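Now for the letters of each chain:
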Amino acid sequence: EHAGGEDRVWPRLAAAISQALVVLDEGDRVQALNAPARAALGLAGDAVGRRLDELVEVRWPEAHEAPQAQLAGRSARVLPGPRSGWRLLLVETGEEAAPSVRPTLPFEPEFEPVVDVRSGAHLGTALVVASPAQRLDAEAAAAYDARVLQCAFEQIAKGCFGPVCVTLRSLPDAAMVARLRAELARSAVPATLLELGFDAVAVAQAGDEGDSALDALRAMGVRTALDDVGTAPCALAPLAAGRIDVLRVSEGLVRALAHEEYAEALIEAVAGLAERFRVEVRVCGIRTAAESDFLAALGCPLQQGVLFDQ
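About the criteria used
- Residues numbered from 1 in each chain as written.
- Predicted model: local features only at pLDDT ≥ 70, side-chain atom pairs only at ≥ 80, totals over all residues.
- Heavy atoms only, no water.
- Helix = DSSP H or I, 4+ residues; strand = E, 2+ residues; numbered from the N terminus.
- Buried < 20%, exposed > 50% of the residue type's maximum accessible area, 1.4 Å probe, protein only.
- Contact = heavy atoms within 4.5 Å.
- Areas by Shrake-Rupley, 256 points an atom, 1.4 Å probe, with all protein chains shown as cover.
- Phe/Tyr/Trp six-rings, centres within 6.5 Å; stacked < 30°, edge-to-face > 60°.
- Lys NZ or Arg CZ within 6 Å of the ring centre and 35° of its normal.
- Pairing = 2+ DSSP bridges.
- Right-handed = clockwise from strand over helix to strand, strands pointing away.
- Axes fitted to C-alpha atoms, helices over the stretch in contact; angles between N-to-C directions.
- Parallel < 35°, antiparallel > 145°, perpendicular 65-115°, else oblique.
- Nonpolar A, V, L, I, M, F, W, Y, C, P; charged D, E, K, R; others polar.
- Expected span 1.5 Å × (residues − 1).
- Polar contact = N/O pair within 3.5 Å; in protein donor to acceptor, adjacent residues only side chain to side chain.
- Arc of directions from axis to C-beta.
- Salt bridge = Lys/Arg side-chain N within 4 Å of Asp/Glu carboxyl O.

Novice: Give me the lowdown on the overall build of the protein, citing residues and values where you can.
Specialist: Counting its secondary structure elements, the protein contains 10 helices and 14 strands. A total of 310 residues make up the protein; the buried ones form 48% of that total. The long-range fraction of contacts in the protein, counting pairs at least 24 apart against all pairs at least 6 apart in sequence, stands at 56%. Here the protein displays about 14700 Å² of accessible surface, and carbon together with sulfur accounts for 51% of that area.

Next comes the structure, spelled out in structure tokens:
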């Protein structure tokens, strides 16, 4: 349910979040809400487009108070919205204390250390899962991402050193950023402990909204990465615009070093590109000391893989 004619971003945003959510614009008008919010606040069918304080009694937090509003006797966490001046309200329904039900997806998380082989320093932890065989629709991608983030947050709770590096399957857009804000607020995980990777196709599909989403992620303190560099298209525009922190060289290209002449030149080219745009380049899937030494000599000392578990 939404206001604004053709604009479908906000209802998608609300529907993608299981917790009761209300989206307010800069005039505190309801731009979207989901069924749990409607039920929790007892709102009728004409809620969208009206000021929230016309619908329910509202108490906003004072400047010195925690960002917690009171709506119709219920507490609601206040988060920055997807546009300037907008706000997201995550409304408590009394069900939050129950064990959360997360999407069940066909993978078991595996974690690989991220290291700088020059110093041996442990820089973070990468969550590695097999890519889905098919391209996911928006709903399935959101469910996949929720499961991936759950695994990352569990790893962070164990006290891992450095950021946890994951790959998301959603487009980088306003709805994805809003879902991430909600997950971070619910888990109390600092945004600086996440590195999110996207493939170039998703970045290209998101267009201008993708640029805004990448900017929002970096403003939050989340690191951003392009995945599968060397075997998938590389999105040069966001890289040149400073919206990317890391180029992740694919495991497939690392494997190709053993039998394809082009692989070495391509990895050197990626390292040069990273140096030109002042971003990190990291090679993934390192299995042997010989691979590690060779890639370090090619200008790629930042590496991840099962080798470093040892």
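Novice: Outline the packing of aromatic side chains, supporting the account with residue identities and numerical values.
Specialist: The geometry of an aromatic ring pair is captured by two quantities: the separation of the ring centres and the angle between the planes. Evaluated as defined, the whole model comprises 0 aromatic pairs. Arg87 extends its terminal NZ or CZ atom over the ring of Trp60, reaching a point 3.9 Å from the ring centre. Taking the ring centre of Phe277 as reference, the NZ or CZ of Arg276 above it sits at 5.1 Å.

Novice: So what about the pairing of strand 9 (residues 164-167)? Which residues, and what values?
Specialist: Every second residue of strand 9 is oriented toward a common face, with Val164 and Val166 on one face and Cys165 and Thr167 on the other, all of them buried. Looking at chain direction, strand 9 and strand 10 (residues 194-198) are connected through 4 bridges and run parallel. Looking at strand 10, one finds that Val164 is bridged to Leu194. A crossover connection joins strand 9 to the parallel strand 10 through helix 5 (residues 174-187); in handedness this β-α-β unit is right-handed.

Novice: Please give an account of the packing of helix 5 against helix 6 (residues 200-220) that cites residues and values.
Specialist: Axis separation between helix 5 and helix 6 bottoms out at 8 Å; the angle between their running directions is 20 degrees. In terms of their interaxial angle, helix 5 and helix 6 are classed as roughly parallel. Of the residues in helix 6, those in contact with Ala174, Met176, Val177, Leu180, Arg181 and Leu184 of helix 5 are Glu209, Ala213, Ala216, Leu217 and Met220. Along the lines of polarity and charge, the residues of the contact of helix 5 with helix 6 split into 9 nonpolar, no polar and 2 charged.

Novice: Tell me what's going on with helix 5, and back it up with residues and numbers.
Specialist: With 14 residues, helix 5 should cover 20 Å at 1.5 Å per step; its first-to-last C-alpha distance of 20 Å lies within 8% of that length. Most of helix 5 is tucked away, with 12 of its 14 residues classed as buried. Of the positions making up helix 5, those classed as buried are Ala174, Ala175, Met176, Val177, Ala178, Arg179, Leu180, Arg181, Ala182, Glu183, Leu184 and Ala185. Here helix 5 starts with a cap whose side-chain oxygen sits 3.3 Å from the backbone nitrogen of Ala175, and that cap is Asp173.

Novice: How would you sum up helix 10 (residues 289-297)? Please name residues and give values.
Specialist: By the burial criterion, the buried members of helix 10 are Glu291, Ser292 and Leu295. Seen end-on, helix 10 carries its buried residues on one side only, within an arc spanning 100 degrees. Residues of helix 10 that are exposed and angled more than 90 degrees away from the buried face: Ala290, Asp293 and Ala297. Buried residues belonging to helix 10 abut helix 8 (251-256), helix 9 (261-277), strand 13 (280-283) and strand 14 (302-304). Downstream of helix 10 by one or two residues, Gly299 has phi in the positive range, about 95 degrees.

Novice: Requested: an account of the pattern of salt bridges, with residues and values cited.
Specialist: Taken as a whole, this structure holds 18 salt bridges when the rule is applied. A salt bridge links Glu291 to Arg255; the nearest nitrogen and oxygen atoms lie 2.6 Å apart. Of this pair, Glu291 sits in helix 10 while Arg255 is found in helix 8, placing the two residues 36 residues apart along the sequence. Classification of Glu291 as buried rests on a relative accessible area of 17%. Several salt bridges share partner residues, and in doing so they unite Glu195, Arg223, Asp227, Arg248, Glu280 and Arg282 into one network.

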